[in-house]
Amino acid sequence: MKTRIITAAVTIPLLLLLLLVADKLIAAIVWGLLLAVAVYELLFGTGLVREPRLVIYSCVMAVAVTLWSYFGAVHAYLILLVMLFLFALFGEMMHAHVKVTFDKICMCFVAGFVVPFMLSSLIRILTMKIGRFVILIPFVVAFGSDAGAYFAGYFFGKHKMAPVLSQHKTVEGAIGGVISAVVCMILYGLVMDLPIKALNFSVNYLYAAIYGLAGALVGIFGDLCFSVIKRQTGIKDYGKLLPGHGGILDRFDSMMMVGPLMEVLLLLIPVIS
């Protein structure tokens, strides 16, 4: 617990500086490098793919997708990126079809493209016109839900939610996480209300509650997605980059679903208008 708190006390201020103060290009580059680490954790760290070139291609793709998100997320460029990535992957399979099998190619595609595409939603949110005001929303929802689930499960947890995948997750914890995410989003709206009104913006608190509710639910699903991978590969944590928390994927597993959902909701039902 002490190690987790110390790590959080160090990383949270750095994260805030990166998202709220640093140049957006710098934020995109740093996030792309962190996603490259996440790809390494998912492929090489788990033992799913131990082919160095395949892992390198996937890590490079993670950075490229993040930068694509920063430079406008142009559809045509994404198609080109995916084509180049597939050329590299299938080229390796053609070169060594016995050692590089189709299932490894599929794993690399998920790790190198799907996961970075989902998580780079944070950069696409940051580059919105009001990006600095809304970039913290995915973190408020994901971390608020995690904290609420932890304490609700610790004090009230009795009924296991998915004992095979995660022995610590309980139904009571999930309910606490949903309530916490909704409350945190409403509080975030209250904190942002005054400075936003000065810019002729307003906060929709009903939408804020919807963000919290929907985000907490998909966050639980995202968490379980990466938990089942850990169970199948027999590992406890994806990495050791964040002492007490594990690796990048251990900390941002739920964000893979929360981030893209918040991006969609911000486009369809903006909480700040």
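Data block above holds the structure.
Residues numbered from 1 in each chain as written. Predicted model: local features only at pLDDT ≥ 70, side-chain atom pairs only at ≥ 80, totals over all residues. Heavy atoms only, no water.

Undergrad: Can you walk me through a nonpolar patch on the surface in this structure?
TA: Together, Ile-6, Val-10, Ile-12, Leu-14, Leu-16, Leu-17, Leu-20 and Val-21 make up a nonpolar patch on the protein surface, roughly 720 Å² of accessible area in all. Within the element layout of this structure, Leu-14 appears in helix H1 (residues 2-20). Overall, Leu-14 belongs to the exposed group, its relative accessible area being 53%. (Patch = residues over 30% accessible without salt bridge, like charges linked within 9 Å, V, L, I, M, F, W, Y side chains within 5 Å. Areas by Shrake-Rupley, 256 points an atom, 1.4 Å probe, with all protein chains shown as cover. Salt bridge = Lys/Arg side-chain N within 4 Å of Asp/Glu carboxyl O. Helix = DSSP H or I, 4+ residues; strand = E, 2+ residues; numbered from the N terminus. Buried < 20%, exposed > 50% of the residue type's maximum accessible area, 1.4 Å probe, protein only.)

Undergrad: What is the right way to look at unusual backbone geometry in this model?
TA: Among all residues save glycine, negative phi is the norm, and among peptide bonds the norm is trans. One non-glycine residue, Ala-73, adopts positive backbone phi at about 50°. Positionally, Ala-73 belongs in the loop between helix H3 (52-70) and helix H4 (75-95).

Undergrad: Would you mind going over the packing of H3 against H4 with me for this structure?
TA: The packing of two helices is summarised by the inter-axis angle and the distance between the axes. At their nearest, the axes of H3 and H4 sit 11 Å apart, and the two run at 180° to each other. Taken together, the axis directions place H3 and H4 in an arrangement best described as roughly antiparallel. Each of Arg-53, Leu-54, Tyr-57, Ser-58, Met-61, Ala-64, Val-65 and Trp-68 in H3 lies in contact with H4, whose residues at this interface are Tyr-77, Leu-78, Leu-81, Val-82, Phe-85, Ala-88, Leu-89, Glu-92 and His-95. Here the contact of H3 with H4 is built from residues that sort into 13 nonpolar, two polar and two charged. (Axes fitted to C-alpha atoms, helices over the stretch in contact; angles between N-to-C directions. Parallel < 35°, antiparallel > 145°, perpendicular 65-115°, else oblique. Contact = heavy atoms within 4.5 Å. Nonpolar A, V, L, I, M, F, W, Y, C, P; charged D, E, K, R; others polar.)

Undergrad: Can you help me understand the nonpolar core in this one?
TA: With 71 residues, the main nonpolar core has Ile-137, Tyr-211, Met-255, Met-262, Leu-266 and Val-271 as its most contacted residues. In this structure Met-255 touches Leu-119, Leu-122, Pro-138, Phe-139, Ala-142 and Pro-260, once residues within four positions along its chain are discounted. (Core = buried A, V, L, I, M, F, W, Y, C linked by side-chain atoms within 4.5 Å.)

Undergrad: Help me understand empty space enclosed by the protein, please; the structure alone is not making it clear to me.
TA: Summary: where empty space remains is shown by rolling a probe the size of a single water molecule over the atoms. Applying the stated criterion across every chain, the model contains two cavities of 30 Å³ or more. Lining the largest cavity, in full, are Leu-15, Leu-18, Leu-19, Ala-27, Trp-31, Leu-122, Ile-123 and Phe-139. Of all the secondary-structure elements, those providing two or more residues to the lining of the largest cavity are H1, helix H2 (24-45) and helix H6 (121-126). Ranked by residue count, the leading element in the lining of the largest cavity is H1, at three residues. Taken together, the residues of the lining of the largest cavity sort by class into eight nonpolar, no polar and no charged. What lines the second largest cavity is simply Met-185, Tyr-188, Gly-189, Met-192, Val-203, Ala-208, Val-271 and Ile-272. For the lining of the second largest cavity, the residue count by class is seven nonpolar, one polar and no charged. (1 Å grid on protein atoms, 1.4 Å probe; cavity = no way out; pocket = protein on both sides within 12 Å on 5 of 7 lines; lining within 4 Å. Points joined across faces, edges and corners; volume = space filled by probe spheres on them.)

Undergrad: Looking at this model, I keep getting lost on H3. Mind explaining?
TA: Each α-helix turn comprises 3.6 residues. Residues three or four places apart therefore point the same way. With 19 residues, H3 extends 28 Å from end C-alpha to end C-alpha; this agrees with the ideal 27 Å at 1.5 Å per step. Every buried residue belonging to H3 is among Leu-54, Val-55, Ser-58, Cys-59, Met-61, Ala-62, Val-65, Thr-66, Trp-68 and Ser-69, and all of these are buried. Where the residues of H3 are buried, they touch H2, H4, helix H5 (102-119) and H6. In the stretch just after H3, Gly-72 is the one whose phi turns positive, near 100°. (Expected span 1.5 Å × (residues − 1).)

Undergrad: Help me understand the packing of aromatic side chains in this model?
TA: Here the distance between the centres and the angle between the planes together describe a pair of aromatic rings. Evaluation of the coordinates by the stated rule reveals 16 aromatic pairs. Note on Phe-109 and Phe-113: the rings are 5.3 Å apart at their centroids and 40° apart in plane angle, and the pair reads as tilted. Of this pair, Phe-109 and Phe-113 both sit in helix H5, separated by four residues, roughly a single helical turn. Using a relative accessible area of 24% as the deciding quantity, one classes Phe-109 as partly exposed. Considering the side-chain rings of Tyr-154 and Phe-155, the 5.1 Å spacing of their centres and the 90° angle between planes classify their relative orientation as edge-to-face. Its relative accessible area of 58% is what places Tyr-154 among the exposed residues. The ring centre of Phe-44 lies 4.6 Å from the NZ or CZ of Arg-50, which sits over that ring. (Phe/Tyr/Trp six-rings, centres within 6.5 Å; stacked < 30°, edge-to-face > 60°. Lys NZ or Arg CZ within 6 Å of the ring centre and 35° of its normal.)

Nothing here speaks to function; it is geometry throughout.
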